[in-house]
Amino acid sequence: MTIKLNNNYYDMKTIISLTVISIVAAVVVSCSGKRPLVGNPAPVGKLTCYEYGESGMMAQPEHAFKITLNDDSATAMLVVSGANDLLLPGMSYDDEVFKKRLFEGGDTITVPATILDSIAQVIIEHKMYNYEDNYTPPFEVSDGTQWHCYASYNDETWLSSGGSNAWPDDNGLSVINNILVTAYRDERAKNP
């Protein structure tokens, strides 16, 4: 079934996907008590939390990160649960440490809070606060990759974006993912 809305045609799968994303966003907003960056201004508060998740048809997410500023404001807690990101150099998919981290919800490490400052800089440089709420391709895709990112600031503002088989034109998300993978691998190289 196809529905015409605002001169665009949508299939039921897309409508259901958009509805689910909208409900999740509403829950995040209502649970966090924070407000979105209205009118797409550049954020001015200090970044206190960043999350990114990307999954497809696999049981485990391809990428999943959450970094949160600790109470001491000098360190942050980084949770990594994406299969490809947990596979450290020298490990194989049969490695017991890898399997334990993967199937027990990921790996949590402490990193310098400056990682959040680097992410905040990327958000501003790439104008990620102007990302659309939801990205979808102009054609129907039966499976593929869904993603979301969420950032919150100490001034009670936040930004959120996501998509299904479509992404923003710039590479801000990839730059941040690389920062997080590098921080994780550097820390695990020091403290396996």
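Cut-offs applied
Residues numbered from 1 in each chain as written. Predicted model: local features only at pLDDT ≥ 70, side-chain atom pairs only at ≥ 80, totals over all residues. Heavy atoms only, no water. Helix = DSSP H or I, 4+ residues; strand = E, 2+ residues; numbered from the N terminus. Buried < 20%, exposed > 50% of the residue type's maximum accessible area, 1.4 Å probe, protein only. Areas by Shrake-Rupley, 256 points an atom, 1.4 Å probe, with all protein chains shown as cover. Axes fitted to C-alpha atoms, helices over the stretch in contact; angles between N-to-C directions. Parallel < 35°, antiparallel > 145°, perpendicular 65-115°, else oblique. Contact = heavy atoms within 4.5 Å. Nonpolar A, V, L, I, M, F, W, Y, C, P; charged D, E, K, R; others polar. Core = buried A, V, L, I, M, F, W, Y, C linked by side-chain atoms within 4.5 Å. Pairing = 2+ DSSP bridges. Polar contact = N/O pair within 3.5 Å; in protein donor to acceptor, adjacent residues only side chain to side chain. Phe/Tyr/Trp six-rings, centres within 6.5 Å; stacked < 30°, edge-to-face > 60°.

Trainee: So what about the overall build of the protein chain? Which residues, and what values?
Mentor: A count of helices and strands for the protein chain gives 5 helices and 10 strands. A total of 192 residues make up the protein chain; the buried ones form 40% of that total. Accessible area of the protein chain: about 10700 Å², with a carbon and sulfur share of 55%.

Trainee: So, the packing of helix H4 (residues 114-125) against helix H5 (residues 172-190): which residues are in play, and what are the values?
Mentor: Where H4 meets H5, the axes come as close as 9 Å, and the angle between the chain directions of the two elements is 170°. Put simply, H4 runs roughly antiparallel to H5. Where H4 approaches H5, its residues Ile-115, Ser-118, Ile-119, Val-122 and Ile-123 are matched on the opposing element by Gly-172, Val-175, Ile-176, Ile-179, Leu-180 and Ala-183. Here the residues of the contact of H4 with H5 are counted per class, giving 9 nonpolar, 2 polar and no charged.

Trainee: So what's going on with the nonpolar core? Which residues, and what values?
Mentor: Ranked by size, the top nonpolar core spans 41 residues in total, and within it Leu-47, Tyr-50, Ile-67, Leu-78, Ile-119, Ile-123 and Leu-180 carry the most contacts. Not counting residues within four places of it along the chain, the set of residues in contact with Ile-67 comprises Thr-48, Cys-49, Tyr-50, Ala-76, Met-77, Leu-78, Val-111, Ile-115, Leu-116, Ile-119 and Leu-180.

Trainee: An account of the side chain of Arg-188 is requested, with residue identities and associated values reported.
Mentor: Mapping Arg-188 onto the fold places it in helix H5. By relative accessible area, which is 13% here, Arg-188 ends up buried. With residues near it in sequence (within four places) discarded, Arg-188 still touches Leu-88, Arg-101, Asp-107, Thr-108 and Ile-109.

Trainee: So what about unusual backbone geometry? Which residues, and what values?
Mentor: Leave glycine aside and you will find that most residues have negative phi; peptide bonds, for their part, are mostly trans. A positive phi angle, close to 60°, is found at Ser-73, a residue other than glycine. Of note, Ser-73 is situated in the loop between strand S5 (63-69) and strand S6 (75-80). Given the relative accessible area of 44%, Ser-73 is considered partly exposed. One non-glycine residue with positive phi stands out, namely Asn-165, at about 65°.

Trainee: So what about the pairing of S5? Which residues, and what values?
Mentor: For S5, the tally of buried residues reaches 5 of 7 residues, placing the bulk of the element in the interior. With 6 bridges joining them, strand S4 (residues 47-55) and S5 adopt antiparallel strand pairing. Paired with Tyr-52 across the bridge in S5 is Phe-65. Pairing analysis gives 5 bridges linking S5 to S6, with the strands arranged antiparallel. Within S6, the residue paired with Thr-68 across the bridge is Met-77.

Trainee: Could you give me a rundown of the side chain of Asp-107, with the residues and numbers involved?
Mentor: Checked against the element boundaries, Asp-107 lands in strand S7 (residues 107-112). Overall, Asp-107 belongs to the buried group, its relative accessible area being 7%. Polar side-chain contacts of Asp-107 include one of 3.3 Å to the side chain of Arg-101. Among the polar contacts made by the side chain of Asp-107, one reaches the side chain of Arg-188 at a distance of 2.7 Å. Leaving out residues up to four positions away in the same chain, Asp-107 has contacts with Leu-78, Val-79, Val-80, Leu-86, Arg-101, Tyr-184 and Arg-188.

Trainee: Tell me what's going on with the packing of aromatic side chains, and back it up with residues and numbers.
Mentor: All chains considered together, the criterion is met by 5 aromatic pairs. Plain terms: the ring middles of Tyr-52 and Trp-147 are 6.4 Å apart, the flat faces sit at 25° to each other, and that makes the pair stacked. Residue Tyr-52 is located in strand S4, and its partner Trp-147 is located in strand S9 (residues 146-153); the two are separated by 95 residues in the primary sequence. By relative accessible area, which is 3% here, Tyr-52 ends up buried. Judged by its relative accessible area of 4%, Trp-147 falls in the buried class. For the ring pair Tyr-131 and Tyr-135, a centre distance of 6.4 Å and an interplane angle of 90° mean the geometry is edge-to-face. We classify Tyr-135 as buried; its relative accessible area is 11%.

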